[in-house]
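Structural overview
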Amino acid sequence: MSSSRYFTLKETRISNNCPECYSNDGIELTFKQKLTENSFYKAITADIINEMQCINCNTEIFPIQWTDDIESVVEYQKRALQPKPKSIKLKPLAWLIIIVDVLLLVGIILFSTGVLSF
Ligand SMILES: [Zn+2]
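The structure displayed is predicted, hence computed values, not measured ones.

Remarks on the overall build of the protein
Of the regular secondary structure elements, the protein holds two helices and five strands. Listing each helix as α and each strand as β along the protein from the N terminus yields β-β-β-β-α-β-α. For the protein, whose C-alpha radius of gyration is 24 Å, the value lies well above the compact-globule estimate of 13 Å for 118 residues. Taken along its principal axes, the extent of the C-alpha atoms in the protein is 80 × 25 × 20 Å. In the protein, which comprises 118 residues, the share counted as buried stands at 24%. For the protein, contacts bridging at least 24 residues in sequence account for 59% of all contacts bridging at least 6. For the protein, the accessible surface area stands at approximately 8400 Å², while carbon and sulfur atoms represent 57% of it. The average position of the 12 basic charges and that of the 13 acidic charges among the side chains of the protein differ by 11 Å.

Quick word on the coordination of the zinc ion
Every protein donor of the zinc ion is accounted for by Cys18 (SG), Cys21 (SG), Cys54 (SG) and Cys57 (SG), and the metal-donor separations fall at 2.2 to 2.3 Å. One can describe the donor arrangement at the zinc ion as tetrahedral, given that its four donor atoms subtend angles of 105 to 114° at the metal. Read in sequence order, the donor residues for the zinc ion give the motif C-x2-C-x32-C-x2-C. On the criterion of sequence distance, the pair formed by Cys18 in the loop between strand E1 (2-14) and strand E2 (27-38) and Cys57 in the loop between strand E3 (41-54) and strand E4 (59-60) is long-range, its members being 39 residues apart.

Here we look at the side chain of Asn16
Assignment of secondary structure puts Asn16 in the loop between E1 and E2. The residues contacting Asn16, other than those within four sequence positions of it, are Ser23, Asn24, Ile27, Asp69, Ile70 and Val73.

Looking at the UniProt feature "transmembrane region" (unreviewed entry) in the protein
According to UniProt, the positions carrying the feature "transmembrane region" (unreviewed entry) are residues 93-116. As annotated, residues 93-116 has a helix share of 83% and a strand share of 0%, and its two end C-alpha atoms lie 28 Å apart.

A word on helix H1 (residues 68-80)
The end-to-end C-alpha distance of H1, which contains 13 residues, comes to 19 Å, matching closely the 18 Å that a straight helix rising 1.5 Å per residue would cover. What H1 keeps buried is the set Ile70, Val74 and Gln77. The buried residues of H1 all sit within an arc of 65° when viewed along its axis, so they share a single face. Along H1, the residues that are exposed and aim more than 90 degrees away from the buried face are Asp68, Asp69, Tyr76 and Arg79. Turning to H1, the residues buried within the fold contact E1, E2 and E3.

Parameters and conventions
Residues numbered from 1 in each chain as written. Predicted model: local features only at pLDDT ≥ 70, side-chain atom pairs only at ≥ 80, totals over all residues. Heavy atoms only, no water. Helix = DSSP H or I, 4+ residues; strand = E, 2+ residues; numbered from the N terminus. Rg over C-alpha atoms; globule rule 2.2 N^0.38 Å. Buried < 20%, exposed > 50% of the residue type's maximum accessible area, 1.4 Å probe, protein only. Contact = heavy atoms within 4.5 Å. Areas by Shrake-Rupley, 256 points an atom, 1.4 Å probe, with all protein chains shown as cover. Lys, Arg positive; Asp, Glu negative; His and termini not counted. Charge placed at Lys NZ, Arg CZ, Asp CG, Glu CD. Donors = N, O, S within 2.8 Å, 3.2 Å for Na, K, Ca; no water. Tetrahedral: all angles 85-135°; square planar, octahedral: opposite > 155°, others 65-115°. UniProt positions renumbered as here; feature names shortened; annotations may be inferred. Expected span 1.5 Å × (residues − 1). Arc of directions from axis to C-beta.

Right, here's the structure in full:
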């Protein structure tokens, strides 16, 4: 039961010409960072993707269509980007398992050293 999704890190309008409709005020560049989640934790990864779409002609612009100009703007934006630091947040279920494990371990140690006996 694990899922990953991307959250929007930055959305910016760039003034390059659209390879489809040649409009120069409709390209929107979006950077997204990956988040993975399962029952035990929620983690922000260092994985970043970008998406580009022209809101003028409603077309997604894939990297294969990028002109050199678009490419250098994307590079520039990428460098200016401040990604969220990688992090892991444990969920209550994970904490519960850790605590039960620790208690079990302490019990075993106490029992095997004879401190605890039944
Ligand atoms: Zn367009």
